[in-house]
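Residue strings, one per chain:
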Amino acid sequence: GNENSKDTGDVGESLGSLGQRYDSESNQLDISDIVDDTTPEQMYIPGWVDYLPTEYVQDMLDFMHNNLDLPWVSTIALATVAVRLSMLPLVVAQARYNMRLAVMQVLEYCFSE
């Protein structure tokens, strides 16, 4: 019992001033009085997360799931196929570019000798 507490240290002490709010029996930290008065707008910290498309993807998946009456497995599979099909023109353009690059490298090799 005491040997383990020596190895891990006292959680309440490691929390500093928040240690008074720590209940060792339930292993919980009571911050309800801090959070109750805080609105989500006050907790918002702008940053790089604003530029991630996760909300759009979630909305698209929810729309497909709800309006097409598909199970989630089918929704994810259909979304995957849709994304891959939308990327197909880029894949074809990249393949054409790689072919032209290979031809140019062969021509460069031929004319360099």
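Residues numbered from 1 in each chain as written. Predicted model: local features only at pLDDT ≥ 70, side-chain atom pairs only at ≥ 80, totals over all residues. Heavy atoms only, no water.

1. Description of the overall build of the chain
Point 1. When you go through the chain residue by residue, the secondary structure sums to six helices and two strands.
Point 2. Accessible surface for the chain amounts to roughly 10400 Å². Of this, 60% is attributable to carbon and sulfur atoms. (Helix = DSSP H or I, 4+ residues; strand = E, 2+ residues; numbered from the N terminus. Areas by Shrake-Rupley, 256 points an atom, 1.4 Å probe, with all protein chains shown as cover.)

2. Observations regarding the packing of helix α5 (residues 54-67) against helix α6 (residues 72-112)
Point 1. Interaxial distance between α5 and α6 falls to 9 Å at its minimum, and their mutual angle equals 125 degrees. It follows from the interaxial angle that α5 and α6 lie oblique. Classified by chirality, the crossing of α6 by α5 is right-handed. Contacts from M60, L61, D62, M64 and H65 of α5 reach α6 at W72, T75, L78 and A79.
Point 2. Here the residues of the contact of α5 with α6 are counted per class, giving six nonpolar, two polar and one charged. (Axes fitted to C-alpha atoms, helices over the stretch in contact; angles between N-to-C directions. Parallel < 35°, antiparallel > 145°, perpendicular 65-115°, else oblique. Left-handed = near helix turned anticlockwise from the far one by under 90°. Contact = heavy atoms within 4.5 Å. Nonpolar A, V, L, I, M, F, W, Y, C, P; charged D, E, K, R; others polar.)

3. Observations regarding a nonpolar patch on the surface
Point 1. Together, V81, V83, L85, M87, L88, L90, V91 and V92 make up an exposed nonpolar region whose accessible area comes to about 720 Å².
Point 2. Counting through the fold element by element, V91 comes out in helix α6.
Point 3. Assessed through its relative accessible area of 51%, V91 is described here as exposed. (Patch = residues over 30% accessible without salt bridge, like charges linked within 9 Å, V, L, I, M, F, W, Y side chains within 5 Å. Salt bridge = Lys/Arg side-chain N within 4 Å of Asp/Glu carboxyl O. Buried < 20%, exposed > 50% of the residue type's maximum accessible area, 1.4 Å probe, protein only.)

4. Let's talk about unusual backbone geometry
Point 1. A positive phi angle, close to 50 degrees, is found at D69, a residue other than glycine.
Point 2. Checked against the element boundaries, D69 lands in the loop between α5 and α6.
Point 3. According to the relative accessible area criterion, D69 is exposed, its value standing at 66%.

5. Some points on the environment of L29
Point 1. Along the chain, L29 falls in strand β2 (residues 28-29).
Point 2. Taking C-alpha positions, L29 is 8.1 Å from G19, a pair spaced ten residues apart along the chain.

6. What to know about α5
Point 1. Taking 1.5 Å per residue as the helical rise, α5 with its 14 residues ought to reach 20 Å, and the 20 Å between its terminal C-alpha atoms agrees with that figure.
Point 2. All of the buried residues in α5 are L61, M64 and H65. Burial along α5 is one-sided: seen end-on, the buried residues are contained in an arc of 95 degrees. Counted as exposed and oriented over 90 degrees from the buried face of α5: E55, Y56 and F63.
Point 3. Where α5 is buried, its residues touch α6.
Point 4. Downstream of α5 by a residue or two, D69 has a phi angle that is positive, lying close to 50 degrees. (Expected span 1.5 Å × (residues − 1). Arc of directions from axis to C-beta.)

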